[in-house]
Amino acid sequence: MDSLRLPRPELEDLVPYEAKDVKVDVSLAANEHPSNLPGEIVEKLAKRLNEFEFNRYPDPTAGKLRGLIAEANGLEPENVLVGNGGDELIFDILLSWGGPGRAVLDAPPTFAMYAIDAQVTGTKLVRIPRGPRFEVDGEAVLSRLAEGDIDVVMLANPNNPTGNLIPETLLIDILNATDALVLIDEAYFEFSRHTMRPHMSRHPNLAILRTFSKAFSLAGLRVGYLLAHEDVVRELTKVRQPYSVDSFAQWVAATVFHERVVFHESIGDIMRGRDRLSHGLSAMEGVEVFPSEANFVLFRVEHASALWRDLLHGHSVLVRQFSRTPGLEDCLRVTVGSEEENERFLAAMRDVLSRRRASAILGGSVQESKETVGELGY
Ligand SMILES: *Cc1c(COP(=O)(O)O)cnc(C)c1O
């Protein structure tokens with residue numbers, strides 16, 4: 001036949017994820033760690049690389065890594081599920097607790113994967129928008145939950161891309177108000193140091209997501225994990241791909257987790273860098289900075305998409321733009337980089353803004369950018 005039957009209609013208005021590979025000097029767009037794995041860890045791995053069994057299928061339970069994570073969190077291995085990045089676990093949650101006829105609640109602007117995965121799995125998406133300072137509208141969430149039809153709640157804490165935390169009292173109210181599976185996405189836990197872990201014993205519907213991609217320099221390897229009630233883990237194990245976390249990733253992540261004290265120093269550097277970026281940006285005229293508990297800073301500036309383009313083409317500095325995201329008009333997000341990268345970014349910002357002022361005095365106008373490349377990535 002010379003025709004192709006249509007796929008599921010739900011996919012029609014989804015845009016395929018096309019990560020364009022932009023080569024830049026200073027890449028501050030994806031909330032990655034600025035440094036590669038510490039040399040001492042790479043050496044340790046290198047020494048044992050020739051014994052590594054590339055020919056064998058991985059342990060589907062990621063037993064070694066799972067045991068280490070469970071122990072560090074005072075839990076049993078049955079309460080831990082390792083995934084191919086946190087992203088896979090978000091998807092698995094919607095495969096098992098979502099699906100046609102079921103509903104997920106989120107609080108935009110927030111992490112885009114919740115909405116994308118809802119659409120892919122045919123789950124109804126109920127969005128309760130955040131307020132002007134990106135605070136979660138507790139009253140609206142609680143009254144929506146009271147209707148009783150929400151099956152999953154997804155809240156990033158701290159939120160990406162806004163950087164703020166949800167008050168713990170509100171999270172407890174939410175857990176008390178529903179038997180829906182409540183995912184608290186703690187992808188930035190190592191920077192915020194806030195966790196809902198102490199509430200797990202009282203709330204079997206609480207699941208906590210963490211990742212090796214942000215604080216532990218492993219974004220390239222795709223490892224994340226979930227802390228949850230053993231019944232939640234068991235259900236997710238039914239839908240997940242058994243070999244999604246490859247044995248190399250399991251080995252490296254287990255080594256990194258075992259040696260994780262090594263990261264204390266760089267995490268401290270990143271938190272100081274975040275304060276430096278926040279202060280530097282606040283000192284610039286026309287820039288509004290939002291407080292952050294993560295490894296990035298969100299800010300608002302007039303003609304943000306033009307500024308984004310000038311940073312990229314004039315200074316080879318890539319940040320993330322959100323000009324098309326409702327609630328984030330004229331917002332850019334910069335990931336905390338190395339000290340040198342942070343200074344280059346701030347200098348580039350000062351340069352672009354001062355050129356803009358000079359051209360405004362001469363009566364010029366700012367050309368908006370139509371490029372979309374900065375909208376991609378995490
Ligand atoms: C980065 C991120 C994740 C997961 O990232 P992975 O690389 O898939 O582990 C999950 N949630 C939020 C809010 C994130 O920013």
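Residues numbered from 1 in each chain as written. Predicted model: local features only at pLDDT ≥ 70, side-chain atom pairs only at ≥ 80, totals over all residues. Heavy atoms only, no water.

Draft legend 1. Quick look at the site of the ligand. Near the ligand you find Gly85, Gly86, Asp87, Phe111, Asn160, Asp185, Ala187, Tyr188, Thr211, Ser213, Lys214 and Arg222, and these make up its full shell. Contact distances for the ligand include 3.0 Å between an oxygen atom and a side-chain N or O atom of Lys214. For the ligand, whose free accessible area comes to 390 Å², the fraction covered by protein is 99%. Take the shell around the ligand: its biggest share by element is 3 residues, from helix α3 (residues 85–97). Residue composition of the shell around the ligand, grouped by class: 3 nonpolar, 5 polar and 4 charged. (Near = heavy atom within 4 Å. Polar contact = N/O pair within 3.5 Å; in protein donor to acceptor, adjacent residues only side chain to side chain. Areas by Shrake-Rupley, 256 points an atom, 1.4 Å probe, with all protein chains shown as cover. Helix = DSSP H or I, 4+ residues; strand = E, 2+ residues; numbered from the N terminus. Nonpolar A, V, L, I, M, F, W, Y, C, P; charged D, E, K, R; others polar.)

Draft legend 2. Structural context of the packing of aromatic side chains. For the coordinates displayed, the defined rule picks out 15 aromatic pairs. An aromatic cluster is present here, built from Phe212, Phe216, Tyr225, Phe257 and Phe263 joined pairwise through their rings. Directly above the aromatic system of Phe257 lies the positively charged group of Arg260, at a separation of 4.1 Å from the ring centroid. Residue placement shows Arg333 over the ring face of Phe296; its charged tip is 5.6 Å from the ring centre. (Phe/Tyr/Trp six-rings, centres within 6.5 Å; stacked < 30°, edge-to-face > 60°. Lys NZ or Arg CZ within 6 Å of the ring centre and 35° of its normal.)

Draft legend 3. Structural context of the nonpolar core. Core analysis: the biggest nonpolar cluster contains 88 residues, and Phe212, Leu281, Phe299, Phe345 and Met349 have the highest contact counts within it. Take this core: its biggest share by element is 7 residues, from helix α9 (residues 247–258). Here this core spans two domains, and each of domain 1 (9–33 + 264–360) and domain 2 (50–258) adds at least three residues to it. The residues touching Phe299, leaving out its near neighbours within four places in the chain, are Leu281, Val287, Glu288, Val289, Phe290, Asp330, Cys331, Leu332, Val334, Phe345 and Met349. Judged by nonpolar contacts, the second largest core, of 23 residues, contains Ile93, Tyr114, Leu226 and Ala228. (Core = buried A, V, L, I, M, F, W, Y, C linked by side-chain atoms within 4.5 Å. Buried < 20%, exposed > 50% of the residue type's maximum accessible area, 1.4 Å probe, protein only. Domains from an automatic or database assignment. Contact = heavy atoms within 4.5 Å.)

Draft legend 4. Highlighting helix α4 (residues 113–120). Taken as a whole, α4 has its buried residues at Met113, Tyr114, Ala115, Asp117 and Ala118. On its buried side, α4 packs onto α3, β3 (103–106), β4 (124–127), β5 (152–156) and β6 (181–185). Positive backbone phi, at 70°, marks Gly122, one or two positions downstream of α4.

Draft legend 5. Structural view of the packing of α3 against helix α8 (residues 230–239). It is the contact of α3 with α8, at a shortest axis distance of 9 Å, that shows an interaxial angle of 95°. Compared by their axis directions, α3 and α8 come out roughly perpendicular. Contacts between α3 and α8 pair Asp92, Ile93, Leu95, Ser96 and Trp97 from the former with Asp231, Val232, Glu235, Leu236 and Val239 from the latter. For the contact of α3 with α8, the class distribution of residues is 6 nonpolar, 1 polar and 3 charged. (Axes fitted to C-alpha atoms, helices over the stretch in contact; angles between N-to-C directions. Parallel < 35°, antiparallel > 145°, perpendicular 65-115°, else oblique.)

Draft legend 6. Structural context of the sheet that holds strand β2 (residues 80–83). Read across the sheet, 7 strands follow the order β2-β8-β7-β6-β5-β3-β4 without closing on themselves; strand pairing throughout is mixed. What marks the edges here is a single partner per strand, and that holds for β2 and β4. Taking the axes of each pair of neighbouring strands and ignoring which way they run, one obtains an average angle of 20° across the sheet. One ladder, built from 4 bridges, connects strand β7 (residues 206–211) with strand β8 (residues 224–227); its direction is antiparallel. What sits directly across from Ile208, in β8, is Leu227. (Pairing = 2+ DSSP bridges.)

Draft legend 7. Expanded view of the side chain of Thr211. Secondary-structure assignment places Thr211 in strand β7. By relative accessible area, which is 6% here, Thr211 ends up buried. At 2.9 Å, the side chain of Thr211 and the backbone nitrogen of Ser213 are in polar contact. Among the polar contacts listed, one links the side chain of Thr211 to the backbone oxygen of Val223, at a separation of 3.5 Å.

Draft legend 8. Layout of the sheet that holds strand β9 (residues 287–289). The strand order across the open sheet built from 4 strands is β9-β10-β13-β12, with neighbouring strands paired in antiparallel fashion. The strands lining the two open edges of the sheet, one partner per strand, are β9 and β12 (320–321). One ladder, built from 3 bridges, connects β9 with strand β10 (residues 296–301); its direction is antiparallel. When the bridges of β10 are listed, Val287 appears paired with Val301. Helix α11 (residues 304–315) rests against β10, β12 and β13 (331–335) of the sheet, and its axis sits at about 35° to β13. Lying over the sheet, helix α12 (residues 339–361) contacts β9, β10 and β13, oriented at roughly 0° with respect to β10.

Draft legend 9. A look at unusual backbone geometry. Of note, the amide linkage connecting Pro108 to Pro109 takes the cis form, showing an omega dihedral of 0°. Tracing the backbone shows Pro109 in the loop between β3 and α4. The omega torsion of the bond from Asn160 to Pro161 falls at 10°, within 30 degrees of zero and hence cis. Of note, Pro161 is situated in the loop between β5 and α6 (168–177). Phi at Arg193 is positive, roughly 60°, even though this residue is not glycine. Position of Arg193 among the secondary structure elements: in the loop between α7 (189–192) and β7.

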